[in-house]
Amino acid sequence: MPPGVARLAPYKDFLQPALQRRFASTAGVLFGIAYVEALTLASYTSYIWSWIPIGPTGIRALAIFACILPTIILRIAHSHIGIRTSNSPFDTFRGYVYHLATAETVVTFAVSAWLFSQVYLFSVSESASLQWITHHSGDRPRLNERAVFYTVNLVVLGIVQGILHVSLDNDRMLLGIVKPRREAVEDAPPIDSWERLSEWAPVLVVRAATLSMAVGLFNYVVFYTFFRRYAWSWAMATFRLFYNLPKSNIPPSQAPWSVWMLQRSMLAGFLLCLLWYFGDMTFRLQLGKEPIKNNQPLSAESKDPNGSLLNGLKSKKPRIAAFAMWELAFIARDFVERRQAIFEDIDRKDGPMWSQIYVVCLDTIRTLEQRVDNYGRPPAPPAPPQPAEAQPQPQRVAKAPRTDDVLIPVPAQRGLRNSVGKFVNRAITSPGKAPADIYVPEAKKALELTREHLLTREQSEALTPDGFSALFQNFAWQVLQRPIIGPFFHHLFGRRLATVVLGTPYGELSIYVNAAYALSQLAVCSLTEDRYGNVQRDVPAIIRTFTVVIKKLERFRDGFPMHWTDLARERLCPEVEKLLDALKDGLNDLITAFGPYATDLRLTRADMRLAREAAVKPHPEPEAQPQPQPQRAAAPAPAPGGPVEEQPEMRQVR
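Residues numbered from 1 in each chain as written. Predicted model: local features only at pLDDT ≥ 70, side-chain atom pairs only at ≥ 80, totals over all residues. Heavy atoms only, no water.

A. Focus on the overall build of the protein. Of the regular secondary structure elements, the protein holds 20 helices and 8 strands. In the protein, of all internal contacts separated by at least 6 residues, the share reaching a separation of at least 24 is 81%. For the protein, the computed accessible surface area is about 41600 Å², with 60% contributed by carbon and sulfur atoms. (Helix = DSSP H or I, 4+ residues; strand = E, 2+ residues; numbered from the N terminus. Contact = heavy atoms within 4.5 Å. Areas by Shrake-Rupley, 256 points an atom, 1.4 Å probe, with all protein chains shown as cover.)

B. Representation of helix H16 (residues 493–502) in the model. Counting buried positions along H16 yields 9 of 10 residues, so the element is predominantly enclosed. Restricting attention to buried positions, one finds in H16 the residues Phe493, Gly494, Arg496, Leu497, Ala498, Thr499, Val500, Val501 and Leu502. In this structure, the buried side of H16 is in contact with strand S2 (83–84), helix H11 (353–374), strand S8 (506–507), helix H17 (509–529), helix H18 (539–559) and helix H19 (574–594). Where H16 terminates, the next one or two residues include Gly503, which has phi positive at roughly 90°. (Buried < 20%, exposed > 50% of the residue type's maximum accessible area, 1.4 Å probe, protein only.)

C. Quick peek at helix H8 (residues 305–313). Of all 9 residues in H8, 7 are buried, a share of seventy percent or more. Buried residues of H8: Asn306, Gly307, Ser308, Leu309, Leu310, Gly312 and Leu313, and no others. Next to the buried residues of H8 lie helix H1 (12–40), helix H9 (318–334), helix H10 (336–344) and H11.

D. Fine view of the confidence of the model for the protein. For the protein, per-residue confidence averages 82 on the pLDDT scale, and 77% of positions sit at 70 or higher. Taken as a whole, residues 1–5 scores under 50 in pLDDT and shows 0 contacts with residues more than four places along the chain or in a different chain. In this model residues 622–654 is a low-confidence stretch, pLDDT under 50, and it forms 2 contacts with partners more than four residues away in sequence or in other chains. (pLDDT = per-residue confidence, 0-100.)

E. Up close: the packing of helix H2 (residues 56–78) against helix H4 (residues 100–123). One can describe the packing of H2 onto H4 by two numbers: an axis separation of 9 Å at closest approach and a directional angle of 175°. Relative to H4, the element H2 is oriented roughly antiparallel. Listed contacts from H4 to Arg60, Ala63, Ile64, Cys67, Ile68, Pro70, Thr71, Leu74 and His78 of H2 are Ala101, Glu104, Thr105, Thr108, Phe109, Ser112, Leu115, Phe116, Val119 and Ser123. Of the residues contributing to the contact of H2 with H4, the split by class is 11 nonpolar, 6 polar and 2 charged. (Axes fitted to C-alpha atoms, helices over the stretch in contact; angles between N-to-C directions. Parallel < 35°, antiparallel > 145°, perpendicular 65-115°, else oblique. Nonpolar A, V, L, I, M, F, W, Y, C, P; charged D, E, K, R; others polar.)

F. Examining the pattern of salt bridges more closely. Inspection of every chain in the model, using the stated rule, returns 20 salt bridges. In this structure, the salt-bridge partner of Asp373 is Lys552, at a minimum N-O distance of 3.1 Å. Pair noted here: Asp373 is in helix H11 and Lys552 is in helix H18, with a separation of 179 residues, a long-range link. According to the relative accessible area criterion, Lys552 is partly exposed, its value standing at 23%. Of the charged contacts, one joins Glu613 and Lys551 as a salt bridge, the two residues approaching to 3.7 Å between their closest N and O atoms. Here Glu613 is found in helix H20 (residues 605–614), whereas its partner Lys551 is found in helix H18, with 62 residues between them in sequence. When its relative accessible area of 40% is taken as the criterion, Glu613 is described as partly exposed. (Salt bridge = Lys/Arg side-chain N within 4 Å of Asp/Glu carboxyl O.)

Here you go:
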């Protein structure tokens, strides 16, 4: 019996356990915060049972942790890599407002807030009078409106947080970029994720306090005033199933307005926001950690590390491919043994390990060139359907049917009705002017005379199509200049350029930057580590590809038009600039390492000249020293209607 073929462990078998461990760390941090909040809600009737985990405080902490758990599950389900790529915030809003994921996010945060409100109401002491049902001197049970107010306040807070979560794209996973180690520059030690969380802690506390106070004031002043009757009716309908409550749904005459209620509602919202914000930041920092375990790449645990890494690089799932490319960039920079293993692995089924990595990385970089080339082109027409094969017509056995009129002609009808119909038909079809040809010009002439008498010349011009267009442009310009509404419709240059270069609906920059760095660094290290000389055959193609992509990106960036809604008029795109820097750094390293061997690699002088031109980085111009100017008259004060318009000579060219 032949020996069984060993199963190749896919890259996700090593990535998923690492992500699960990081999720467990996030859950541990949240449970710690939940335990601290459970201590703040304890009654402290006993100095021992009020703080030990085995007791009411531990049960309360588990209940609070259960309230925040749905949002963590939501983060796992909706997490993605890359920024949202769209031309304007309005396009993003239009694309996501009807998504099922948006509704799921808002509903999940609302449910989380409702669960926390019930835990909070059941945790406070009876002296606070926050029970749902109250009894007064043996009277029938009555609904407590204070509990209704607290529940409504926290549910509104959950809806607002869900909207903010979707708007700020908090589901995005932040992946890192591997940068080269320069000998002249001392590398800063990496910052641990827990240190970053401690740095972010004061900011998160301020954000939680700000949001809880803003929503508490809004609910206290505006929202609950208008929705008080509906909230009371829903609460009565719910608790009437369990208690003998009055049948009337009219709320009490006195609403629960007091400063004490406002403070308690803000405190409850603050505790809930702390859980949300710390959970979101911890989740983001933990899942964005490097693909390193015990100072080794994740794929080092595999029996075939190169095969598992190659499986991740070829994965169709963007998240797995991005982590695998990130790990490859770390291997190209820090792990000599893994680099040598890549160069010496030449007996694979689909070709040597280096050749497959070379193809994957180069195809990743060439997708940028393809997007630039395809910009503005009409989509390819669909392929025409294949004509069906003609079926042979069966031979007719019987005689063909007759085509002449076999019916008896109907005798002509006579009478007054037929005579009138024939007269009307002749009047309509007879040659001559139709009634519309006679009366329509007269009506137009009368309308023109009336407009000349009633409207001025400016008003008449405003009613023309050009006038309507000018009026709409003026209105649109006024809207775009509003500080709050206007940016929602701005088509900024950098945003539009990143959409074209990185693709839609998400664009992850780290994939392309890490691919460029890994490919160039592996090629440079092959000079001393590649014993078989397989890499040198692909170096000319790498240099030419980097040169072409850099030239096309720069030419496309310089010729990309500005949109008329872009009031900033700044031709800046940080994503494309970082991408060009990574490509130029890699090309510089290749030129420095393989420049002396250009003739042996069959690189012409033109190839090297174009490569050196493409690898040049623009240096920022030094700021001019201010020259002493003679005394001039003071500038005129701005008009009371607004600031003085900026003059072209006052704007600094950058």
